[in-house]
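# Survey of secondary and tertiary structure
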Amino acid sequence: MSFNINQLDKIEYDGSYESEEVFEKYQDSVLEEFALSSEGKECIKADPEMGFWIAQLIYYGVAYIGVTLPQMDEPDISEIITDLFPRKISLSSPEDADDAIPELLAFWQFLKSKYKLSNADIIINFLTQIEPEFNAIMNDSSNFGMAKSFMTMGQKAGFDMTDQNQMTEFMQVYNENIRKGQSNILSTGKALDFSPEYSQSKKTKIK
């Protein structure tokens, strides 16, 4: 049975097990379709671990804005790329941002070719225009949310923030500094008792 690119359009993503299951199956299926396409194969040559940025685009579109791939318009893609990505997604190094736009461009070219999405040209044009600026946008600390700022601080302090134990250790160090009155690490000067919402920077591998 062929994959239906519109199957999420009438499903409410509410965080329930059922909606998560449908969403994850959709995400996996569209990534697999892309990986098997000519555009995907070319993308894999440049980045064998491609798929991370596509997965984030789908996730933030559905979970934060309430739009699926066929429903996205230019304001939607702009919000995801220039606001949600830099605010939410932490990078292991600034260069990790360089893979994002080429991967997303290849993906939308695939969506245009395979599914004839009417919004594809508009989004391809936006991605092409934003590409020279994206690395700077993604690594501008003024765009970071608290969670990403926390991750970045830990990395700069020499902690492996992909390791839960080291993340917890850094949180303890930070909170101890706050108790001692050394509140210059984050502008809030408040003790932290959360784990950052998005700390991953490893790209999703497509099988």
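Residues numbered from 1 in each chain as written. Predicted model: local features only at pLDDT ≥ 70, side-chain atom pairs only at ≥ 80, totals over all residues. Heavy atoms only, no water.

## As for the overall build of the protein chain
We apply this condition: Strands are runs of DSSP state E lasting at least two residues, helices are runs of H or I lasting at least four, and both sets are numbered from the N terminus onward. Exposure categories follow from relative accessible area, calculated using a 1.4 Å probe and restricted to protein chains: below 20% of the type maximum is buried, above 50% is exposed, and the middle band is partly exposed. Contacts are residue-level and defined by heavy atoms, with any inter-residue pair within 4.5 Å sufficient. For accessible areas, the Shrake-Rupley method is used with a probe of radius 1.4 Å. Any residue's cover is judged against the shown protein chains and nothing else.
Along the protein chain, the regular secondary structure elements total 8 helices and 0 strands. Walking the protein chain from its N terminus toward its C terminus, one meets helices and strands in the order α-α-α-α-α-α-α-α. Residues counted as buried form 45% of the 207 residues belonging to the protein chain. Taking the contacts inside the protein chain whose residues are at least 6 apart along the sequence as the reference set, 64% of them involve residues at least 24 apart. Of the roughly 11100 Å² that the protein chain leaves accessible, carbon and sulfur atoms contribute 46%.

## Some points on the pattern of salt bridges
We apply this condition: The salt bridge criterion pairs a side-chain nitrogen of Lys or Arg with a carboxyl oxygen of Asp or Glu, the two atoms within 4 Å.
A full pass over the atoms with the stated rule returns 4 salt bridges. A salt bridge links Glu 33 to Lys 114, with the shortest nitrogen-to-oxygen separation between them at 3.8 Å. Taken together, the positions of Glu 33 in helix H1 (residues 17–36) and Lys 114 in helix H5 (residues 100–115) put the pair 81 residues apart, joining distant regions of the chain. For Glu 33, a relative accessible area of 26% gives the class partly exposed. Here Lys 114 falls in the partly exposed class, since its relative accessible area comes to 47%. Lys 112 serves as the salt-bridge partner of Asp 121, at 2.7 Å between the closest nitrogen and oxygen. We classify Asp 121 as partly exposed; its relative accessible area is 46%.

Any functional reading would require information beyond the geometric quantities listed.
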